[in-house]
2 protein chains.
Amino acid sequence: MALANRSELSFHQVTFAKGFSMEIKSENACFGGAQGVYAHASEACGGEMTFGLFLPEEAKLGPVPVLWYLSGLTCTHENAMTKAGAQAWAAQEGIALVFPDTSPRGADVVDDAAYDLGQGAGFYVNAIQPPWDRHFRMWDYIAEELPALLGRAFAVDLERQSITGHSMGGHGALTLAMGRPGQYRSVSAFSPICNPMGSDWGQKQFTSYLGDDQSLWKPHDASHQMQEVGFDGPVLIDTGTQDQFLDLLKPETLAFAIAKRRQDGHLRMQKGYDHSYFFVSSFMEDHIAFHAEALYAE
Amino acid sequence: MALANRSELSFHQVTFAKGFSMEIKSENACFGGAQGVYAHASEACGGEMTFGLFLPEEAKLGPVPVLWYLSGLTCTHENAMTKAGAQAWAAQEGIALVFPDTSPRGADVVDDAAYDLGQGAGFYVNAIQPPWDRHFRMWDYIAEELPALLGRAFAVDLERQSITGHSMGGHGALTLAMGRPGQYRSVSAFSPICNPMGSDWGQKQFTSYLGDDQSLWKPHDASHQMQEVGFDGPVLIDTGTQDQFLDLLKPETLAFAIAKRRQDGHLRMQKGYDHSYFFVSSFMEDHIAFHAEALYAE
């Protein structure tokens, strides 16, 4: 089904730019709004990309603020959309949610046998090393191409964006927020990879995607960026004390950097929680309320 | 006025131990309960000590949980009692508040010309170096002598204690909580001195009170203790991003340690706040609600 057939559920804007095409994979009524899944040709990633978009009922009346949710290793656009319990709170706050995929995909896209490299493991960077450089440009996709597309196709207000994510997606949210000053009003993360330059979740991928020159890694290390750049807005980080990947996540380096930089930031170690979506969903209400405060500030 | 003349306001228990004496300096009705100031002979400090005690209305019916508030450099028992805005929230939760002094005092107590050594600057340690060792035993006073006295004289439940404090008092709260396992159910701090072994707020005082052997300093360094010992309960730390003493407080060392240890702990850098009681009072409701949850847990 082409978007040119306007759907009540998609709440899309009336006019699409000439040549614009997007496929509606599904649309479901959800908390008074609509949860859609859409596919489109991506220039950044050199192929078809799929994303989920939740639009609250308020989007029928005009553009609404938008919260990006970046997912973790092995996830697609679908995991958070079905398991994070985010739509209830986004509906309450009148906020759109975007659930991008975590990498380019498809038979013609290079991959690796490991779960943590290649498809499902884009790490939110622009690869410059072959063979990854042909498709793996998730930084540009998330920061530029997809928001531009959303702004043309749906009632979302690109002047009011915030960003969050889980694990590798928390890494992406934090590094994008600090690397694209002015784009996001607030940033949060659930059990983010905090110091990929010091972790097996990072060193391997950065070497593959970016090469051996570690100066190119630094913009993609949240702890480094927090020490050197910081974020001009509020930061909220939640990590479970029973997270099975704490040695890879290294929340202590980000905690140090937030306090040292005097960043407006809350770092919470949540007792008894692990790395799962049961953890993410438990604190989703907090995170969406946190972003809503920034998104609706004058 | 001797306590043997029972006062309606003091809510004290009926029977005092033989030989027990305490002077009522003042008692004022306050949020349905009573704010008192009492003086007593202290064995630990070798002289008269003064403290403030807020008892909520519930203390008329029986022992209530108790939250200790330890004050910072230059403070007496009075500062937090008048400026922290704590009684409103303690009354709501049915919790007693104790406001001890920050050091021994008096003409026969040794002092120093500096504001941060001697009277008003006890640092919550037991001094072992002369001339300080004669009076400066605030650790024993806060951890043992004063709670025992309160338990005998007032309707407070020593099985339900929690502790908080500001600046030097935040240091005291954290080190007492970790150094006296089982005594306190929860600990919080407002802009605490986090790493006195690495700060001019600590090195000077520990050298004077404890001597040059730094192994004796470690139990009094919250960041060291958090790394090595931790706390068997929840921790809440608030520090202002505009705190004028951040270089002395070093919240980054405690932030690192909380995350590294996987401590149940929330570390919040609060945007725009400084070191004053305007900061403390702004977050007092949060802190008392935090402690109430632990104090009323089954």
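What you see is a predicted model, and the numbers here were worked out from it, not measured in a lab.

Q: Teacher, can you tell me more about helix 8 (residues 251-261) of chain A here?
A: What sets the pattern is the α-helix's 3.6 residues per turn: residues three or four places apart point alike. All names here are of chain A. Counting buried positions along helix 8 yields eight of 11 residues, so the element is predominantly enclosed. Listing the buried residues of helix 8 in full gives P251, E252, T253, L254, A255, A257, I258 and A259. R262, located one to two residues past helix 8, shows a positive phi value of around 65°.

Q: Please clarify how the interface of chain A and chain B should be interpreted in this entry.
A: Interfaces are frequently sized by the accessible area removed from exposure as the parts join. Contacts between chain A and chain B engage 22 residues on the former and 22 residues on the latter. Buried area between chain A and chain B, summed over both chains or domains, comes out near 1,900 Å², and the portion from carbon and sulfur atoms is 59%. Counting every contact that joins chain A to chain B gives four salt bridges. Close ionic contact of D247 of chain A with R262 of chain B constitutes a salt bridge, the shortest N to O distance being 2.8 Å. Inspection of the chain A/chain B interface yields seven residue pairs in polar contact (both at pLDDT 80 or more). Of all the elements in the fold, those that place two or more residues in the side of chain A that touches chain B are helix 7 (246-249), helix 8 and strand 9 (265-270) of chain A. For the side of chain A that touches chain B, the element with the highest residue contribution is helix 8 of chain A, accounting for eight residues. When its residues are assigned to classes, the side of chain A that touches chain B shows eight nonpolar, six polar and eight charged. Sheet topology note: the strand 9 of chain A/strand 9 (residues 265-270) of chain B ladder contains five bridges and is antiparallel. Pairing of L267 of chain A across the sheet is with L267 of chain B, part of strand 9 of chain B.

Q: Can you walk me through the layout of surface pockets in this structure?
A: It is the rolling of a water-molecule-sized probe over the atoms that shows where space remains empty. Here the largest pocket defines a volume of roughly 920 Å³. Together, 32 residues line the largest pocket, and L236, H266, R268 and F290 of chain A together with R268 of chain B are the ones closest to its centre. Every element with two or more residues in the lining of the largest pocket is listed here: strand 8 (235-240), strand 9 and helix 9 (277-295) of chain A together with strand 8 (235-240), strand 9 and helix 9 (277-295) of chain B. At six residues, helix 9 of chain A tops the list of elements feeding residues into the lining of the largest pocket. Looking at side-chain class alone, the lining of the largest pocket contains 15 nonpolar, five polar and 12 charged residues.

Cut-offs applied
- Residues numbered from 1 in each chain as written.
- Chains lettered and ligands numbered in written order.
- Predicted model: local features only at pLDDT ≥ 70, side-chain atom pairs only at ≥ 80, totals over all residues.
- Heavy atoms only, no water.
- Buried < 20%, exposed > 50% of the residue type's maximum accessible area, 1.4 Å probe, protein only.
- Helix = DSSP H or I, 4+ residues; strand = E, 2+ residues; numbered from the N terminus.
- Contact = heavy atoms within 4.5 Å.
- Buried area = accessible area lost by both parts, 1.4 Å probe.
- Salt bridge = Lys/Arg side-chain N within 4 Å of Asp/Glu carboxyl O.
- Polar contact = N/O pair within 3.5 Å; in protein donor to acceptor, adjacent residues only side chain to side chain.
- Nonpolar A, V, L, I, M, F, W, Y, C, P; charged D, E, K, R; others polar.
- Pairing = 2+ DSSP bridges.
- 1 Å grid on protein atoms, 1.4 Å probe; cavity = no way out; pocket = protein on both sides within 12 Å on 5 of 7 lines; lining within 4 Å.
- Points joined across faces, edges and corners; volume = space filled by probe spheres on them.

So far we have only geometry, and geometry alone does not tell us how the molecule works.
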